[in-house]
Amino acid sequence: MKRFYCIAIASILSACATSPVHFDPHLYSKVEIDAVVAHHFDTNTTVVSKALAPSFEKFGQPARYVEGDMSGVDNDRFERLYGTGKIRSRFKVPRKAFWQIDGNRLGKDVSPVRTVHLIYNQALLDGNVFLAKSMETRRGQTFTVFERQQDSQIIVSVYKTSRLPKAAEFKTLELRVD
């Protein structure tokens, strides 16, 4: 009987033990990104967490992120949005980032549109251009999330749904870091 208790206790203890969690200090946690995005859009983290959950499930933790604004050109012939902001990564000084998005029916809104880009597993854009032509779009009530992937490079972009025309289609993203 004593042996039975020892085996039972050992089984319970081993079931309670968890495998060590891999922690990479260079990556941003979901909690950190939720807080950054919520602050940037002046909203609560619950709404942000719900919008970004599928991206975190697919891609994990980002290595960098960009906070900024973008706008269009007041000309019906241009289907391009231009953006500028700061790229942030752990243990590095923030740097300037510039991007342009080409698409269809983008409107000609020249007022700033708040934007956050989550950047995953690349040569981390140092002097490189990210150009992706395919994406997945999730348009929610509060946020629209675009997931762009080109080979092993991934950028997830977040915008307020109310700031994007319903018929807008984003085709390409070109992002530069200075």
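Located above this text is the structure these notes cover.
Overview of the structure. Treat the numbers as computed from the prediction; the structure is a model and nothing was measured. (Residues numbered from 1 in each chain as written. Predicted model: local features only at pLDDT ≥ 70, side-chain atom pairs only at ≥ 80, totals over all residues. Heavy atoms only, no water.)

**A word on the pairing of strand S1 (residues 64-72)**
Moving on, step 1. Within S1, 7 of the 9 residues are buried, leaving the element largely enclosed by the surrounding structure.
Moving on, step 2. Pairing of S1 with strand S2 (residues 80-89) involves 9 bridges; the strand directions are antiparallel. For Gly72, the partnering residue across the bridge sits in S2 and is Leu81.
Moving on, step 3. As defined by bridge partners, S1 adjoins strand S4 (residues 113-120) across 7 bridges and the pair is classed as antiparallel. When the sheet's bridge partners are listed, Gly68 is paired in S4 with Thr115. (Buried < 20%, exposed > 50% of the residue type's maximum accessible area, 1.4 Å probe, protein only. Helix = DSSP H or I, 4+ residues; strand = E, 2+ residues; numbered from the N terminus. Pairing = 2+ DSSP bridges.)

**As for empty space enclosed by the protein**
Moving on, step 1. For the coordinates displayed, the defined rule picks out 2 cavities of 30 Å³ or more.
Moving on, step 2. The volume enclosed by the second largest cavity comes to roughly 50 Å³.
Moving on, step 3. Surrounding the second largest cavity, Arg64, Ile87, Arg88, Ser89, Lys92, Val93, Pro94 and Arg95 form its lining.
Moving on, step 4. With 3 residues, S2 is the largest single contributor of residues to the lining of the second largest cavity.
Moving on, step 5. Here the lining of the second largest cavity is composed, by residue class, of 3 nonpolar, 1 polar and 4 charged. (1 Å grid on protein atoms, 1.4 Å probe; cavity = no way out; pocket = protein on both sides within 12 Å on 5 of 7 lines; lining within 4 Å. Points joined across faces, edges and corners; volume = space filled by probe spheres on them. Nonpolar A, V, L, I, M, F, W, Y, C, P; charged D, E, K, R; others polar.)

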